[in-house]
Amino acid sequence: MPEEFDKFNKDELIKDFINESADQLHILDNDLVELASTRPAASLLSTSEDFYENEEIYTGLLNEMFRAVHTIKGLSTMLELITIKEFCHKLENLYDRLRTQTIKLQEEVIRVLFLSSDVLKGLIFEISTNEKGQVDYISCIKQIDSLLVYEKDGRREIAMTQQAGCLGLLGKAKESLATIKTSTIRIAIEKLDILMNLMGELVIRRNQLEDTFNSIMNKYGSATDLVLLSDVTEQFTSIINELQKNIIRSRMLPIKNLFARFKRPIYDIAKSKNKEIDLICYGGDTELDREVIEAIYAPLLHLLRNSIDHGIESEEEREKSGKQKKGIIKLIAYQQGQHVFIEVEDDGKGIDYNRIREIAVEKGIITEHDNLSEKELLNFIFLPGFSTAKEIDEISGRGVGMDVVRNNIISLNGNIEIKSIYKHATKFIIQLPLTLAIIPSLLVRVCSETFAIPLSIVSENIRILPDEIYNIRNSRVIRLRDILVQLVTLDGLFKNRDSDLFLKGRCPYFCVVLGIGERKIGLIVDELIGEQNIVIKSLGEYLGKVRGISGATILGNGEIVLILDINSLLEITDTNKSSSLRKKEPEYIYGN
Amino acid sequence: METKQLQFVSFLLGSEEYCVDIFEVQEIINLPTIKQIPGAPSFVDGIINLRGKIVPIIDFRKRLNLNVTEFTRHTRVVIVQVNNRVIGFIVDMVSGVFKIDEADIEVTPEVVTSVNVEYISGVAKLKDRLIIILDVDKILTSHEQNTLEIMKVEEFEQVKK
């Protein structure tokens, strides 16, 4: 079937094209932002002393950008993507004239460069989605053309040849630096996925081996043959552990690539809000699993948007409060134990707790007399539809963002926290696991079913007596030290299951306290089975998302255990939010 | 002139015979232990552990509104892979594998059958009988809601006209 083979090939080629072009586009964008913020004086050919310093930066950037466009042109030529090839050709001309300084870098030129970058992105995106004809590249080409028609100034030509020698040398130095190849290799992510799966199987078998071995040891501990078996088993398990660690590491990438992707969007957003932002990144070398990095991009972008939109004040306001004109946003990544933390911090106006109280009262979530701590108020930010922005604007403020951000982070088995000092700063702290594949979990039994709960959200396990339970407006809560914790059972989740454990009256009740940020809910279970590292298996493409279940795992004995989805549990309790936050003395009702 | 030959696996659903393209069939297994999933649609019987991979099991009889009979020793699960999705469906009995010429396949909507015409990709004309060819992809994709959020779009924002 030769035709099918060709189609398969072409799809692969297109995928490669898009991946490679995406890389080049990132370079282009980052350089554009740098160029726009550090652009040298309007007349490059002035005779100031720092002429050469600016020159080097300028030419270096432009050479790099030229090469990026040139590379994309080459790739598109191979695949006969004519529109892209011709567009790149035009853009290449512009970059060439810029780097040889036959065109001055002015505001208008920079604007067209940004536009071209967007158009190019759009054209390439069209290829990936197969919808041609949406992007208006023609008007962009016209604008490039009008810039290219530049009158050559006689004097400039002379000055050019004088500088040409030095420029040539600088150019060459930069070229050779650019071609130093790092000792890395591109590898299709699917290959690593296969390795991960196999490793997952190994982990399951290793657990099984350990269990089996231990039970044999218990029966026949002293036989000499067993001593040998014991040695071999031990070495075997230790090699598997090493293999596990290293395969996980092979899928990890430094987070600085992710941070770099934010440069351009932040520039765009800040510009549209008439604010100037300095993005400072720390900990770029911290490594994260590639899947986690991909998944955390959108939530982080949303947080950054919020910071620029609602966190950082306008220049006038900032000057009034004695802050520097440019808003500062910090992205900090670090590893601690089995987790990676990413902090998004801005030195903006912080969170106005009073305003949150007001809105919560407006929405009827609490009453005016309720006395809530700052921590508890912060949790409201994660409620769907909750927004302190007075007008909903195009970018954010619609209040649909933060709950989605939290849900996404939870589906990654992570967690998120907010800290804020009113008028000074706001910080979001995101906690992420090192890998999505294997997580430590708590196995519990509810009725006759076993479920797994990711340990990252388990706060503690407690036993509850009936008289500790208060009934407030159809919700059962208990007091845990200084906060009220709402209790849930799985029958709220799986409506056709007979698992309202409260009705069964088996006390004391076992309760697993789950904590997300400052929010705590208590899940009632029949029995705590134990902790175990489990390999997360998705339910597959077909089933996709099933309410209440985030995935499944296979235990050593082959049994399938479902993994509980915390987002669904939160959803149930969110609708009962009004009742679970009152601090004043509740009515004592409930008795078994 | 050579005509293309296609191969199909035929099976019984209830009392009617159906078949699917053999290229979609990954394997056929005996009925395994099926783990039920509380929140899943009613025609999803549950999931199984297929050599370490989670595979959902769909009851085609329920999905196609056919009579559901008890499991017997002939009951099998046919594992298919379509569009990167691997699923298994329960059949009452596997009747065999056959080859036919492409020319002997009719795309006819006039066949009277209890199955929704949408799920049929054609009819195979054998010497002695007709067998309905099921379109597994259609059966799996119709009525589905796409719950994936396309976050990557943020990165490629298109130029507005």
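Some points on the overall build of chain B
Within chain B one finds two helices and 11 strands. Counting from the amino terminus, chain B carries its helices and strands in the arrangement β-β-β-β-β-α-β-β-β-β-β-β-α. Classification of the 161 residues of chain B by burial places 44% in the buried group. In chain B, the proportion of contacts linking residues at least 24 apart, taken out of those at least 6 apart, comes to 55%.

Concerning helix α11 (residues 290-311) of chain A
Residue and element names in this part refer to chain A. Taking 1.5 Å per residue, 22 residues should reach 32 Å; α11 reaches 29 Å between its end C-alpha atoms and fits that length. Of all the bends in α11, the largest measures some 35° and sits at Tyr 297, one to four residues before the proline Pro 299. The buried fraction of α11 is high, at 17 of 22 residues. In this structure Asp 289 caps α11, since a side-chain oxygen of it lies 2.7 Å from the backbone nitrogen of Glu 291.

Observations concerning the sheet that holds strand β2 (residues 16-21) of chain B
Residue and element names in this part refer to chain B. Across the sheet, six strands lie side by side as β8-β1-β2-β11-β10-β9; this open sheet has mixed pairing. In the strand order of this sheet, the two ends are held by β8 (93-101) and β9 (105-106), each with one partner. As paired elements, strand β1 (residues 5-13) and β8 share eight bridges and run antiparallel to each other. Across the sheet, the residue bridging to Val 9 is Val 97, located in β8.

Some words on the pattern of salt bridges
Two side chains of opposite charge can pair, provided their charged atoms sit close to one another. Residues and elements named next belong to chain A. Tallied over the full model, the rule gives 32 salt bridges over all chains. Linking Arg 355 and Glu 358 is a salt bridge whose minimum nitrogen-to-oxygen distance equals 2.9 Å. Taken as a pair, Arg 355 and Glu 358 lie in helix α13 (residues 353-362) at a separation of three residues, close to a single helical turn. Owing to a relative accessible area of 18%, Arg 355 belongs among the buried residues under this scheme.

Considerations on the pairing of strand β5 (residues 339-346) of chain A
Residues and elements named next belong to chain A. Summarising burial for β5: seven of the eight residues are buried, a large majority. Of the strand pairs in this sheet, strand β4 (residues 327-336) and β5 are connected by eight bridges, and their pairing is antiparallel. Across the sheet, residue Lys 330 finds its bridge partner in β5, namely Glu 345. Where β4 hands over to β5, the hairpin turn is made up of two residues, of which Gly 337 adopts a positive phi near 65°. Bridge count between β5 and strand β7 (residues 425-433): eight bridges; the pairing is antiparallel. Bridge pairing in β7 places Glu 345 opposite Lys 427.

Quick look at the packing of aromatic side chains
Aromatic rings considered in pairs are described by the distance between their centres and by the relative angle of their planes. This model, assessed by the stated rule, comprises six aromatic pairs over all chains. Measuring from ring centre to ring centre gives 5.5 Å for Tyr 334 of chain A and Phe 341 of chain A, while their planes differ by 15°; the resulting arrangement is stacked. You can call Tyr 334 of chain A partly exposed: its relative accessible area is 27%. On the numbers, 4.1 Å between centres and 5° between planes, the contact of Phe 60 of chain B with Phe 89 of chain B is stacked. Separated by 29 residues along the polypeptide, Phe 60 of chain B in helix α1 (residues 60-63) and Phe 89 of chain B in strand β7 (residues 85-91) bring together distant segments of the chain. The two residues Phe 60 of chain B and Phe 89 of chain B agree in class, both being buried. Chaining the aromatic ring pairs together yields one cluster made of Phe 11, Phe 60 and Phe 89 of chain B.

With respect to helix α7 (residues 189-220) of chain A
Counting along an α-helix, one turn takes 3.6 residues, and residues three or four places apart therefore face a common direction. Residues and elements named next belong to chain A. With 32 residues, α7 extends 46 Å from end C-alpha to end C-alpha; this agrees with the ideal 46 Å at 1.5 Å per step. All buried positions along α7 are accounted for by Leu 192, Met 196, Met 199, Gly 200, Glu 201, Val 203, Ile 204, Arg 206, Asn 207 and Phe 213. Of the surrounding secondary structure, the elements contacted by the buried residues of α7 are α8 (224-250), β3 (287-289), β8 (438-446), β16 (527-535) and β17 (549-554).

With respect to the nonpolar core
In terms of nonpolar packing, the biggest core is built from 118 residues, with Phe 262, Ile 453 and Leu 514 of chain A together with Phe 60 of chain B touching the most fellow members. Considering every element that reaches this core, the biggest residue donor is α11 of chain A, with nine residues. With sequence-adjacent residues up to four places away left out, Leu 514 of chain A is seen in contact with Ile 453, Ile 457, Val 458, Ser 459, Arg 519, Lys 520, Ile 521, Leu 523, Ile 566 and Leu 569 of chain A. Of all hydrophobic cores here, the second largest spans 45 residues; its members include Leu 62, Leu 98, Val 109 and Phe 114 of chain A.

Some words on a nonpolar patch on the surface
A cluster of nonpolar side chains, Ile 194, Leu 195 and Leu 198 of chain A, forms an exposed patch at the surface whose accessible area comes to about 290 Å². Its location among the elements puts Ile 194 of chain A in helix α7.

Details of the packing of helix α4 (residues 107-129) of chain A against helix α5 (residues 137-148) of chain A
Residue and element names in this part refer to chain A. One can describe the packing of α4 onto α5 by two numbers: an axis separation of 10 Å at closest approach and a directional angle of 150°. For α4 against α5, the interelement crossing comes out left-handed. Contacts between α4 and α5 involve Glu 108, Val 109, Arg 111, Val 112, Leu 115, Ser 116, Val 119 and Leu 123 on the former and, on the latter, Tyr 137, Cys 140, Gln 143, Ile 144 and Leu 147. Here the contact of α4 with α5 is composed, by residue class, of nine nonpolar, two polar and two charged.

Some details on the sheet that holds strand β15 (residues 519-525) of chain A
Residue and element names in this part refer to chain A. The mixed open sheet is built from six strands, whose spatial order is β10-β14-β15-β13-β12-β11. What marks the edges here is a single partner per strand, and that holds for β10 (458-464) and β11 (469-472). Mean inter-strand twist for the sheet, computed between neighbouring axes without regard to direction, equals 35°. Where strand β13 (residues 483-488) lies against β15, three bridges are found, and the strand directions are parallel.

Some remarks on the packing of α11 of chain A against helix α15 (residues 401-411) of chain A
Working note: a packed helix pair is described by the angle between its axes plus the distance between those axes. All names here are of chain A. Between α11 and α15, whose axes approach to 9 Å, the crossing angle comes to 150°. Relative to α15, the crossing made by α11 is left-handed. Contact residues: Ile 296, Pro 299, His 302, Leu 303 and Asn 306 in α11; Gly 401, Met 402, Val 405, Asn 408 and Ile 409 in α15. Split by residue class, the contact of α11 with α15 holds six nonpolar, four polar and no charged.

Side note on unusual backbone geometry
Residues and elements named next belong to chain A. Positioned with a positive phi, Asn 274 is a non-glycine residue whose angle comes to about 55°. Positionally, Asn 274 belongs in the loop between α10 (263-272) and β2 (277-282). Under the relative-accessibility criterion, Asn 274 is labelled exposed at 67%. Of note in the backbone geometry, Lys 423 takes a positive phi value of approximately 80° without being a glycine. Along the chain, Lys 423 turns up in the loop between β6 (415-421) and β7.

Looking at the pairing of β6 of chain A
Residues and elements named next belong to chain A. The sheet contact formed by β6 and β7 spans seven bridges and is antiparallel. The residue bridging Ile 416 from the neighbouring strand is Ile 430, located in β7. Linkage of β6 to β7, two consecutive antiparallel strands, is achieved through a turn of three residues, within which Lys 423 is found at a positive phi near 80°.

Observations concerning the environment of Thr 573 of chain A
All names here are of chain A. Here Thr 573 is to be found in helix α18 (residues 566-574). Separated by 52 residues in sequence, Thr 573 and Ile 521 have C-alpha atoms that sit 8.0 Å apart. Apart from the residues lying within four places of it in its own chain, the contact partners of Thr 573 are Gln 486, Val 488, Arg 519 and Ile 521.

So, how was this worked out
Residues numbered from 1 in each chain as written. Chains lettered and ligands numbered in written order. Predicted model: local features only at pLDDT ≥ 70, side-chain atom pairs only at ≥ 80, totals over all residues. Heavy atoms only, no water. Helix = DSSP H or I, 4+ residues; strand = E, 2+ residues; numbered from the N terminus. Buried < 20%, exposed > 50% of the residue type's maximum accessible area, 1.4 Å probe, protein only. Contact = heavy atoms within 4.5 Å. Expected span 1.5 Å × (residues − 1). Bend = angle between axes of the 7 residues up to and from the residue. Polar contact = N/O pair within 3.5 Å; in protein donor to acceptor, adjacent residues only side chain to side chain. Pairing = 2+ DSSP bridges. Salt bridge = Lys/Arg side-chain N within 4 Å of Asp/Glu carboxyl O. Phe/Tyr/Trp six-rings, centres within 6.5 Å; stacked < 30°, edge-to-face > 60°. Core = buried A, V, L, I, M, F, W, Y, C linked by side-chain atoms within 4.5 Å. Patch = residues over 30% accessible without salt bridge, like charges linked within 9 Å, V, L, I, M, F, W, Y side chains within 5 Å. Areas by Shrake-Rupley, 256 points an atom, 1.4 Å probe, with all protein chains shown as cover. Axes fitted to C-alpha atoms, helices over the stretch in contact; angles between N-to-C directions. Left-handed = near helix turned anticlockwise from the far one by under 90°. Nonpolar A, V, L, I, M, F, W, Y, C, P; charged D, E, K, R; others polar.

So yeah, pure geometry; function would need other evidence.
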